[in-house]
Amino acid sequence: MTASGLGDPEPAEGSKGTRRAAALLVALLSTACGAPLMKLPSAPGAPAPDAADALNQATLACRPISSITAEVGITGSIRGQRLRARLIAGLAAPASARLEAFALSQQVFIFTSRGNDATLLLPREGRVLEHGQPGEVLEAVTGLPLDASGLRLTLTGCAASGANAAFGRQIGDDWRVVDDQFGDLYLRRESRAGPWRLVAAVHREAGRPEWRAEYGNFQNGLPHAIRLASTDTRRFDLRLALSQVDINVPLEAAAFEVKIPAATRPMTIAELRNSGPLSDAR
């Protein structure tokens, strides 16, 4: 994926505030009703001497990934409002990302980040946030508590380097639970002869609601169906369908930059949080 391949944003047709961008992403205004989450085993279990082997097998396909590009169909809800959108994503290790979001056939935003520097452009509004913290900007615009590195791991269904299989637990024959620096990783196999898969990652952070990523539709060891859901349903409950996935393709540095049209007006992180593209329609 290159910057030229993605195309430059069109000039803004006059700003009516970032609430117009919210209207582009909110496809249905009724309160969202999410399907039940995956039922994860809750028993304490017993020490699992094979947890490290299970984790290694479950992450065998994702660990070598240094870059990924994909088209992501998104449905679900954020802050109680249903939405449907399409995302073109390019992510590279250690912490680079480019996301282009479209809804109702219009481009809603372009997010780019490299290291600790992020830019968010709202091309239809003629607004831009520059030099933000990637995690803060990404959460403000999507509701997801992830930075570029975390998003890459989430989309590839991979474990962070802090996962500690030495304290893995066995729950029955076909479940293993491994602690990592963010919470718990749930590994499952369909049968004793089947491969271990990372089917869920539960994230916990002090002072914030718990949330999880659930994985399915594995192809070549990688998930193509992902659900991201908070225990506080007012935050987010999203289903992601990945297609046109390419891994370890060279991504030019220009892919993580965005050309800012003339006359684009600056915005702050506070403005984005209050009336960003994925905030409540008002």
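Residues numbered from 1 in each chain as written. Predicted model: local features only at pLDDT ≥ 70, side-chain atom pairs only at ≥ 80, totals over all residues. Heavy atoms only, no water.

Overview of the overall build of the protein
A count of helical and extended segments in the protein gives six helices and 16 strands. Total accessible area on the protein stands at roughly 13,200 Å², and carbon and sulfur atoms take up 51% of it. (Helix = DSSP H or I, 4+ residues; strand = E, 2+ residues; numbered from the N terminus. Areas by Shrake-Rupley, 256 points an atom, 1.4 Å probe, with all protein chains shown as cover.)

Observations concerning the pairing of strand S14 (residues 222–230)
Where burial is concerned, most of S14 is hidden: eight out of the nine residues are buried. What sits between the antiparallel neighbours strand S13 (residues 208–219) and S14 is a turn of two residues, in which Asn-220 has the positive phi angle 55°. Across five bridges, the pairing between S14 and strand S15 (residues 236–247) is antiparallel. The residue bridging Leu-228 from the neighbouring strand is Leu-238, located in S15. In sequence, S14 turns back onto S15 through a hairpin of five residues. (Buried < 20%, exposed > 50% of the residue type's maximum accessible area, 1.4 Å probe, protein only. Pairing = 2+ DSSP bridges.)

So, the state of the cysteines
Evaluated as defined, the whole model comprises one disulfide. The disulfide bridge from Cys-62 ends at Cys-158, spanning 2.1 Å between sulfur atoms. Disulfide Cys-62 to Cys-158: torsion about the S-S bond roughly 75°, handedness right-handed. Of this pair, Cys-62 sits in the loop between helix H3 (51–58) and strand S3 (67–78) while Cys-158 sits in the loop between helix H5 (148–156) and strand S9 (164–170); the two residues are 96 residues apart in sequence, bridging distant segments of the chain. Here Cys-62 and Cys-158 have matching classes, each one buried. (Disulfide = S-S within 2.5 Å.)

A closer look at H5
Owing to its 3.6 residues per turn, the α-helix aligns residues three or four sequence positions apart on the same side. Most of H5 is tucked away, with eight of its nine residues classed as buried. Inspection of H5 places Ala-148, Gly-150, Leu-151, Arg-152, Leu-153, Thr-154, Leu-155 and Thr-156 among the buried residues, and these make up the whole buried set. One or two residues past the end of H5 sits Gly-157, with phi positive at roughly 65°.

Comments concerning unusual backbone geometry
The omega angle of the peptide bond from Ala-93 to Pro-94 is 0°, so this bond is cis rather than trans. Located in the positive-phi region is His-131, a residue other than glycine, with phi close to 55°. Its location among the elements puts His-131 in strand S8 (residues 127–132). Using a relative accessible area of 62% as the deciding quantity, one classes His-131 as exposed. Its identity as a non-glycine residue notwithstanding, Ala-263 has a phi of 70°, on the positive side. Among the structural elements, Ala-263 can be located in the loop between S15 and strand S16 (265–266).

Quick word on the pairing of strand S10 (residues 175–180)
Most of S10 sits out of view: five of its six residues are buried. Alignment of S9 against S10, held across three bridges, turns out to be antiparallel. Bridge pairing in S10 links Gln-170 to Arg-176. In sequence, S9 turns back onto S10 through a hairpin of four residues, with Gly-172 there showing a positive phi of about 75°. Sheet analysis places S10 next to strand S11 (residues 183–188), joined by six bridges and oriented antiparallel. Looking at the pairing, Asp-179 lines up with Asp-184 of S11. Connecting S10 to the next strand, S11, in antiparallel fashion are two residues.

Some thoughts on the packing of aromatic side chains
Following the criterion strictly, the structure yields two aromatic pairs and no others. For the ring pair Trp-211 and Phe-236, a centre distance of 5.9 Å and an interplane angle of 70° mean the geometry is edge-to-face. With a gap of 25 residues between them, Trp-211 in strand S13 and Phe-236 in strand S15 connect regions that are remote in the sequence. In terms of burial, Trp-211 and Phe-236 fall into one category: buried. (Phe/Tyr/Trp six-rings, centres within 6.5 Å; stacked < 30°, edge-to-face > 60°.)

Focus: the nonpolar core
Counting 54 residues, the largest nonpolar core has Phe-109, Phe-111, Leu-120 and Leu-240 as the members making the most contacts within it. Other than its neighbours up to four places away in sequence, Leu-240 contacts Val-72, Gly-73, Ile-74, Leu-155, His-224, Ala-225, Ile-226 and Leu-228. Residues Val-177, Tyr-186, Val-199 and Val-202 belong to the second largest nonpolar core, which totals eight residues. (Core = buried A, V, L, I, M, F, W, Y, C linked by side-chain atoms within 4.5 Å. Contact = heavy atoms within 4.5 Å.)

Side note on the environment of Glu-205
Structurally, Glu-205 can be placed in strand S12 (residues 197–205). You can call Glu-205 partly exposed: its relative accessible area is 47%. Along the primary structure Glu-205 and Phe-182 are separated by 23 residues, whereas in three dimensions their C-alpha atoms are 7.1 Å apart.

Examining the pattern of salt bridges
Here the structure, examined in full by the defined rule, presents 16 salt bridges. One continuous salt-bridge network, built from bridges that share partners, spans Glu-139, Glu-205, Arg-208 and Arg-235. (Salt bridge = Lys/Arg side-chain N within 4 Å of Asp/Glu carboxyl O.)

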